Amino acid sequence: QVQLVESGGGLVQPGGSLRLSCAASGSIFSFGVMGWYRQAPGKQRELVATITSGGSTNYADSVKGRFTISRDNAKNTVYLQMNSLKPEDTAVYYCYARAFGVPYWGQGTQVTVSS
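The sections below set out a description of the structure shown in this document. (Residues numbered from 1 in each chain as written. Predicted model: local features only at pLDDT ≥ 70, side-chain atom pairs only at ≥ 80, totals over all residues. Heavy atoms only, no water.)

### Some thoughts on the overall build of the protein chain
- Within the protein chain one finds zero helices and eleven strands.
- Counting contacts in the protein chain only where the partners sit at least 6 residues apart, residues at least 24 apart contribute 53% of the total.
- Within the structure as shown, the protein chain displays about 6000 Å² of accessible surface, and the carbon and sulfur contribution to it stands at 48%.
- The distance from the centre of the 10 positive side-chain charges to the centre of the 6 negative ones in the protein chain is 3 Å. (Helix = DSSP H or I, 4+ residues; strand = E, 2+ residues; numbered from the N terminus. Contact = heavy atoms within 4.5 Å. Areas by Shrake-Rupley, 256 points an atom, 1.4 Å probe, with all protein chains shown as cover. Lys, Arg positive; Asp, Glu negative; His and termini not counted. Charge placed at Lys NZ, Arg CZ, Asp CG, Glu CD.)

### Notes on unusual backbone geometry
- Of note, Asn76 is a non-glycine position whose phi angle comes to about 50°, a positive value.
- Checked against the element boundaries, Asn76 lands in the loop between β7 (67-72) and β8 (77-82).
- In this structure, Phe100 takes a positive phi of about 55° despite not being glycine.
- Positionally, Phe100 belongs in the loop between β9 (91-99) and β10 (102-105).
- For Phe100, a relative accessible area of 80% corresponds to the exposed category. (Buried < 20%, exposed > 50% of the residue type's maximum accessible area, 1.4 Å probe, protein only.)

### Quick word on the side chain of Thr109
- Mapped onto the fold, Thr109 is located in strand β11 (residues 109-113).
- Those residues in contact with Thr109 that sit more than four places away from it in its chain are Glu6, Gly9, Leu20, Ala91, Val92 and Tyr93.

### Some words on the nonpolar core
- Among the nonpolar cores identified, the biggest contains 31 residues, and Trp36, Leu80, Met82 and Tyr93 are the most heavily contacted of them.
- Elements with a minimum of two residues in this core: β3 (18-25), β4 (33-39), β5 (46-52), β7, β8, β9 and β11.
- Among the elements that take part in this core, β9 stands out by supplying five residues, more than any other.
- Filtering out sequence-adjacent residues up to four positions away, Met82 remains in contact with Gly16, Ser17, Leu18, Leu20, Arg66, Phe67, Tyr93 and Val111. (Core = buried A, V, L, I, M, F, W, Y, C linked by side-chain atoms within 4.5 Å.)

### As for the packing of aromatic side chains
- What the rule picks out here adds up to four aromatic pairs.
- An angle of 80° between the planes, with centres 6.2 Å apart, marks the rings of Phe31 and Tyr104 as edge-to-face. Of this pair, Phe31 sits in the loop between β3 and β4 while Tyr104 sits in strand β10; the two residues are 73 residues apart in sequence, bridging distant segments of the chain.
- Judged by its relative accessible area of 0%, Phe31 is buried.
- Taking 5.0 Å as the distance between ring centres and 65° as the angle between the ring planes, the aromatic pair formed by Tyr37 and Trp105 counts as edge-to-face. Of this pair, Tyr37 sits in strand β4 while Trp105 sits in strand β10, and the two are 68 residues apart along the sequence. (Phe/Tyr/Trp six-rings, centres within 6.5 Å; stacked < 30°, edge-to-face > 60°.)

Okay, here's the thing in structure tokens:
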């Protein structure tokens, strides 16, 4: 059984930074794609960033230049460095991973940006 566990969320002031981590465990040891989605109150869940096993990245327009995604393939861990945070970044952030065409989701971690 595969589990994705997020950590690093919390409360931060506008302009501040947070670093999210997602550690995968279970029977799958390699994921072709890992990434992050988020869902804000009253909005649809949206893609934030993805990274392939080879290191290719993709970002939503709203976070380009502010967020950086990275991964440690040996540890099956994906990270999201979030800088210059804005109140509109407030959301539950979900870790995502795909292996052999099968998607897996974390439980989510709350990020709140407020003064």
